[in-house]
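# Analysis of the macromolecular model
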Amino acid sequence: MTQPTPSSLNAALRGAVDLSALSRPPQQTPPGAAAGAGAPGGGATAGAAPSGAEGVLVQGTDADFNSLVTGSMQVPAVLVLYTDQIPESAAFVQTLVDEAVANEGRFRVIAVDLAANPGIVQALSPVLQEAFGQVNSLPVVVGLLQGQPVPFFLGVQPVEQLRALLEQFLSAAVTNGVAGRVEGVADAAAATQEEAELPPLHQQAYDAIDRGDLDAAASAYQQALTSNPKDEDARLGLGQVELLRRTAGLDLNAVREAAAADPTNVEAQVQASDLDLVGGHVEDAFLRLIELVRKTTGDDRDTVRKHLLSQFEVIGGTDPRVVKARGSLMSALF
């Protein structure tokens, strides 16, 4: 997977300009133009608009960013910086759109192609560097509320964590009197909800995740699998919960330092791989453990192999990245 280097991203984020300069109302606004209106063609991302994106997704550009920022005075927005060179960063736009629809249009998604819009990147630079320091992972996700940026996170995050953050963001929006909605989304969200009601045990798992009880979530998914061993959604859910349990409380810097100091340290490499997976660097996570399989023998090798197989359960067996990694694992073993 092609990754931006820390130096290249930081170079792109230098030379900042004041965000307020872009958020001032334009000198000439076409009559009847709504702030934050969709881009021509429906605001497509990575070549095609994500499903359910009508009215929710806007493709942000340097040319219209001022109106989009102004639009957050009425409707909260979540801005995502992505690049097609990192497919998971572009795919995360769909995740945000899904959440916007599920929240009945209580926020708008602004997708920004990082390479094509240096002005937006420069405008956000001071905020991003203050919040994150070195920006070395995509997507970059930032809330916009009353024209002000609210840094969320770097890298792909589990949807459960995203939902908890969005809940806080939308609560803050209401507190500040920003309670507008994207028109026409509520009816679509209601229809989708009727079609996609969760089975009881799955709902128990989601509720447990929402309240931070990962043990209860795992138990609910395990019960679902006991009742139906072919329940793939439960299998994936359990894998994701187990990943969250394994990485809870890990010190990212300490883990990375330990892994760099000893490429054959099984515990450190496994932990670093899990953190890569949580951060959305799926192929990097797999490659780290495949290389470790090549370097180890006996029980250590088997431990790494089994852990890698458990990571496959988090992503799903039909995912192309898993299919490719299975082939590489077989080559490493034999």
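Predicted model, so just to flag it, every value in this text is computed and none were measured.

### Quick word on the overall build of the protein chain
- When helices and strands are counted, the protein chain shows 15 helices and 5 strands.
- Expressed as a percentage of its 334 residues, the buried residues of the protein chain come to 44%.
- Partitioning the contacts of the protein chain with sequence separation of at least 6, the portion at a separation of at least 24 is 68%.
- When the accessible surface of the protein chain is summed, it comes to about 16,200 Å², and 51% of that surface belongs to carbon and sulfur atoms.

### With respect to the environment of F65
- Following the sequence through the fold, F65 ends up in helix α3 (residues 65–71).
- Taking the C-alpha atoms as reference points, F65 and I120, separated by 55 residues in sequence, lie 7.3 Å from one another.

### A closer look at the packing of aromatic side chains
- For the structure on display, the rule yields 4 aromatic pairs.
- Ring centres of F92 and F153 lie 6.0 Å apart, and the angle between their planes is 80°; on these two criteria the pair is classed as edge-to-face. Taken as a pair, F92 in helix α4 (residues 87–102) and F153 in strand β5 (residues 148–154) lie far apart in primary sequence, 61 residues in all.
- Arranged with centres 5.0 Å apart and planes meeting at 90°, the rings of F286 and F312 form a pair that is edge-to-face. Here F312 lies in helix α14 (residues 298–315) and F286 lies in helix α13 (residues 282–295), a separation of 26 residues in the sequence.
- Site record: aromatic cluster; members linked through ring pairs are F92, F152, F153 and F169.

### Some details on the nonpolar core
- Ranked by size, the top nonpolar core spans 29 residues in total, and within it V78, V93 and V109 carry the most contacts.
- Counting residues per element, this core draws most heavily on α4, which supplies 7 residues.
- Beyond its immediate stretch of four places on either side in the chain, V78 contacts L96, F107, R108, V109, I110, V141, V142, G143, F152, L166 and F169.

### So, the sheet that holds β5
- Overall, mixed pairing links the 5 strands, which are arranged β1-β3-β2-β4-β5 in an open sheet. Of all the strands in the sheet, just β1 (57–59) and β5 have a single pairing partner and so form its edges. Neighbour-to-neighbour, the strand axes of this sheet turn through a mean angle of 25°, independent of strand direction.
- Bridge count between strand β2 (residues 77–82) and strand β3 (residues 108–113): 6 bridges; the pairing is parallel. By the bridge assignment, V78 is partnered in β3 with V109.
- Strand contacts of helix α6 (residues 159–175): β2, β4 (140–145) and β5, with the helix running at about 170° to β5, the strand carrying the most contacts.

Cut-off values and rules
Residues numbered from 1 in each chain as written. Predicted model: local features only at pLDDT ≥ 70, side-chain atom pairs only at ≥ 80, totals over all residues. Heavy atoms only, no water. Helix = DSSP H or I, 4+ residues; strand = E, 2+ residues; numbered from the N terminus. Buried < 20%, exposed > 50% of the residue type's maximum accessible area, 1.4 Å probe, protein only. Contact = heavy atoms within 4.5 Å. Areas by Shrake-Rupley, 256 points an atom, 1.4 Å probe, with all protein chains shown as cover. Phe/Tyr/Trp six-rings, centres within 6.5 Å; stacked < 30°, edge-to-face > 60°. Core = buried A, V, L, I, M, F, W, Y, C linked by side-chain atoms within 4.5 Å. Pairing = 2+ DSSP bridges. Axes fitted to C-alpha atoms, helices over the stretch in contact; angles between N-to-C directions.

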